[in-house]
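Notes for the structure review
Here is what each chain is made of, one letter per residue.
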Amino acid sequence: MARTLKIFSGSSNPELARLTAEHLGIPLSRSYVASFPNGETRVRIEENVRGLDVFLVQSVCAPVDKNLVQLLIMMDAVRRASADRITAVIPYFGYARQEKKTAGREPISAKLVANLLAVAGADRILPMTRPGPAIEGFFDIPVDHLRAAGLLGERVKDLALDNAVVGSPDAGGVARAEDFSRRLGGSDLFVVFKRRDTPDNVTPLHMVGDVKGRVAIIIDDIISTGKSLITAADSLLEGGAKEVHACAVHADFTEDVVKVLESSRLKSILVTDTIPIPNQRPLDSKIHVCSTARIFAETIDRIHRHESVSALFS
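Residues numbered from 1 in each chain as written. Predicted model: local features only at pLDDT ≥ 70, side-chain atom pairs only at ≥ 80, totals over all residues. Heavy atoms only, no water.

1. Quick look at the overall build of the protein
For the protein, the helix and strand inventory stands at nine helices and 13 strands. Taken over C-alpha atoms, the radius of gyration comes to 20 Å for the protein, in line with the 20 Å a tight globule of 314 residues would show. A total of 314 residues make up the protein; the buried ones form 50% of that total. Taking all contacts inside the protein whose residues are at least 6 apart in sequence as the whole, residues at least 24 apart take part in 64%. As displayed, the protein offers around 14900 Å² of accessible surface, 49% of which is attributable to carbon and sulfur atoms. Mean positive and mean negative side-chain charge positions of the protein (39 and 39 charges, respectively) differ by 2 Å. (Helix = DSSP H or I, 4+ residues; strand = E, 2+ residues; numbered from the N terminus. Rg over C-alpha atoms; globule rule 2.2 N^0.38 Å. Buried < 20%, exposed > 50% of the residue type's maximum accessible area, 1.4 Å probe, protein only. Contact = heavy atoms within 4.5 Å. Areas by Shrake-Rupley, 256 points an atom, 1.4 Å probe, with all protein chains shown as cover. Lys, Arg positive; Asp, Glu negative; His and termini not counted. Charge placed at Lys NZ, Arg CZ, Asp CG, Glu CD.)

Here is the structure:
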């Protein structure tokens, strides 16, 4: 494998790239990624990639535009160095929430990003969870959409939470909660309905589901400001829940959100490492991180060997 497959990392999530390569039993390939004095991105691929299967690992997280441009330039570099196939491994797909117009004279930024990735040289896209069916349709190249629900479910089972009830902090996540409930053996469901007045102001409307005296587990795809999650947790506790835990795939934390979550009434918060978490958690932190490296490694191996990826998640 080492002779024909190479993994390179951008600067957004080098630890995940390193762990993924480690799971595959190969070294992380060498590249130089930096900035010129004027802020322009500088990239140099320091290994031969001619005729090889190349995987570039880069989360398009904050600083989003810088990390996106870095990925595009890295793809251009390996394409010009005659790589046989280029797969953009994007653990967190930035701009995924801008997949449609909500008002006149707005862009569809996710479609633009899809075009940029294809033009830069991507033969395949490998994101974790976030891109929905609409975004997959923006690409004319294969998109292997990975799922972290099984990984999170395994960790929640290890907690041995008795009398648990699973749910969503909003109506849009009901299908996700139903899937997670099945993974835990068919737990009952709840939904917290809310109104978002502004990006930072969330008002709970009402809750559906019986949570009295039970352990509530909130399932979400992304935590950013933490406002929706904390609002939902407060509603559940006021509705009689014994304690509230949260699971989310992406920890797209804004400034100070770690402090906000640590001081909340949530018992624990479980996220993955698709985005590096700022190193400001206390030793007894409520925030726990599980690695997606094994999933990415198994998927990369299957892609390299031309085997089914969907079989991993069946």
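2. Focus on the packing of helix H5 (residues 149–158) against helix H6 (residues 174–183)
Put simply, H5 and H6 touch, their axes get as near as 10 Å, and they point 50° apart. It follows from the interaxial angle that H5 and H6 lie oblique. You can see that H5 and H6 cross each other, and the crossing is right-handed. Residue-level contacts link Ala149, Gly150, Leu152, Gly153, Val156 and Lys157 of H5 to Asp179, Phe180 and Arg183 of H6. Here the contact of H5 with H6 is built from residues that sort into four nonpolar, two polar and three charged. (Axes fitted to C-alpha atoms, helices over the stretch in contact; angles between N-to-C directions. Parallel < 35°, antiparallel > 145°, perpendicular 65-115°, else oblique. Left-handed = near helix turned anticlockwise from the far one by under 90°. Nonpolar A, V, L, I, M, F, W, Y, C, P; charged D, E, K, R; others polar.)

3. A few points about the packing of aromatic side chains
Here the structure, examined in full by the defined rule, presents one aromatic pair. With centroids separated by 6.2 Å and ring planes inclined at 80°, the aromatic side chains of Phe93 and Phe139 adopt a geometry described as edge-to-face. With Phe93 in the loop between strand E5 (85–90) and helix H3 (109–120) and Phe139 in the loop between helix H4 (133–136) and H5, this residue pair connects regions lying 46 residues apart in the sequence. The class of Phe139 is buried, set by a relative accessible area of 8%. (Phe/Tyr/Trp six-rings, centres within 6.5 Å; stacked < 30°, edge-to-face > 60°.)

4. Looking at helix H7 (residues 227–238)
End to end, H7 covers 16 Å across 12 residues, agreeing with the expected 16 Å (1.5 Å per residue, within 8%). Most of H7 sits out of view: nine of its 12 residues are buried. Taken residue by residue, H7 has Ser228, Leu229, Ile230, Thr231, Ala232, Ala233, Ser235, Leu236 and Leu237 as its buried positions. Just downstream of H7 lies Gly240, where phi reads positive at about 105°. (Expected span 1.5 Å × (residues − 1).)

5. Describing the packing of helix H2 (residues 64–80) against H3
At a closest axis distance of 8 Å, the pairing of H2 and H3 adopts a crossing angle of 25°. By the criterion of interaxial angle, the relationship of H2 to H3 is roughly parallel. Between H2 and H3, the residues in contact are Leu68, Leu71, Leu72, Met75, Asp76 and Arg79 and Val113, Leu116, Leu117 and Ala120, respectively.

6. Description of the pattern of salt bridges
In the structure shown here, the tally under the stated rule is 20 salt bridges. The salt bridge involving Arg18 is made with Glu15; its shortest N-O contact spans 2.6 Å. Here Arg18 and its partner Glu15 are both found in helix H1 (residues 14–24), three residues apart, which amounts to about one turn of the helix. A salt bridge links Asp188 to Arg214; the shortest N-O distance between them is 2.8 Å. Within this pair, whereas Asp188 is found in strand E8 (residues 188–198), its partner Arg214 is found in the loop between strand E9 (201–208) and strand E10 (215–223), the two being separated by 26 residues in sequence. Among the charged side chains, a network of salt bridges with common partners joins Lys6, Arg30, Arg44, Glu46 and Glu47. (Salt bridge = Lys/Arg side-chain N within 4 Å of Asp/Glu carboxyl O.)

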